[in-house]
Amino acid sequence: MFKVASWNLNSVRSRLSHVTAWLKVREPDVLLLQELKGTEFPSEAFKSLGYDSVAVTQKAYNGVAILSRHPMKTIAKALVGDDSDSHARFLEVVIKGIRIANVYLPNGNPVGSDKFAYKLAWMDRLTQQMIRWKRDDVPTLIGGDFNVIPEDIDCHKPSSWKHDALFQPEPRARYRAMLGLGYADAFRSLHVGEIGHFTFWDYFRQAFQNNRGIRIDHFLLSPRLADRLESCEIDKGPRGQEKPSDHTPIIMTLSDLP
DNA sequence: ATGTCCTGAGCTTCAGGA
């Protein structure tokens, strides 16, 4: 069994005790982290728990890291397609023969702004990379904060998100196009039609207490990995703790190769 | 428009991002 998790921390410094406590209990083989929010990365804290790590950071914003209990080879620290893009949003490694890409897609608000255009361009670049990945034999997992609400059932109330970049037709069409390439949405493929499953809740207006959330953290699996998918669950526990991230972890398990 | 939380400059609060 191979357990992979993903968690947007909204600052690794503010959430270090949360994530280390969570790792001790859940013991995933691999953890993808997003929104580190700072240049410092506490690799020693994770090393003492048995995890090697690789991180791409920048000052104040963004930042992604991958923790692994198995040998990990770093392949890329940036998404190709725009040399002028300096945001820390992408990390690609190989662990146990699986290509794992950790992504933190742009938020894109407000709709119609330069940020929205950057979000769409970033998704186009990721789609092109996902097409290139299909050309080799390496089973591939893309996980992280996609900042896309795929379908109406992935938010508590569509009308509340009608004007938000995460819910616009353009990013949703691009997410669907990724599925159209043959990648499976791990959570939805095992929870068809189920409502009320979210990975993010706003800090304000008691959104979590009232389960007014959205599902924007995803795992996309190439066909050979989708065949090995055993479970995919959202762990709401951390979102209910003191000083939580606004996101909560998503966890999936793959069966071992025969 | 509102709500809340985080970072970082360099204030004893603010702007910017989410």
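One can find the structure itself at the top, above this paragraph.
Residues numbered from 1 in each chain as written. Chains lettered and ligands numbered in written order. Predicted model: local features only at pLDDT ≥ 70, side-chain atom pairs only at ≥ 80, totals over all residues. Heavy atoms only, no water.

Draft legend 1. Highlighting the overall build of chain A. Counting secondary structure elements, chain A contains six helices and 14 strands. On C-alpha atoms alone, chain A measures out to a radius of gyration of 17 Å, which is about the 18 Å that the 2.2 N^0.38 rule sets for 258 residues. Here chain A holds 258 residues, and 53% of them are scored as buried. Of all intrachain contacts in chain A linking residues separated by at least 6 positions in sequence, the fraction that spans at least 24 positions is 69%. Carbon together with sulfur atoms contributes 51% to the accessible area of chain A, which is approximately 11,600 Å² in total. Put simply, chain A has 34 plus and 31 minus side-chain charges, and the middle of one group is 2 Å from the middle of the other. (Helix = DSSP H or I, 4+ residues; strand = E, 2+ residues; numbered from the N terminus. Rg over C-alpha atoms; globule rule 2.2 N^0.38 Å. Buried < 20%, exposed > 50% of the residue type's maximum accessible area, 1.4 Å probe, protein only. Contact = heavy atoms within 4.5 Å. Areas by Shrake-Rupley, 256 points an atom, 1.4 Å probe, with all protein chains shown as cover. Lys, Arg positive; Asp, Glu negative; His and termini not counted. Charge placed at Lys NZ, Arg CZ, Asp CG, Glu CD.)

Draft legend 2. Just the protein's contact with DNA strand B, in detail. With respect to spatial proximity, 19 residues lie near DNA strand B, and among them S11, R15, K59, A60 and F204 are the closest. Of everything in DNA strand B that lies within 4 Å of the protein, sugar and phosphate atoms constitute 78%. K59 is positioned such that a nitrogen or oxygen atom in its side chain is 2.8 Å from a phosphate oxygen of DNA strand B. Between a base nitrogen of DNA strand B and a side-chain N or O atom of R205, the distance comes to 3.4 Å. Within the surface near DNA strand B, the residues separate by chemical class into five nonpolar, five polar and nine charged. (Near = heavy atom within 4 Å. Polar contact = N/O pair within 3.5 Å; in protein donor to acceptor, adjacent residues only side chain to side chain. Nonpolar A, V, L, I, M, F, W, Y, C, P; charged D, E, K, R; others polar.)

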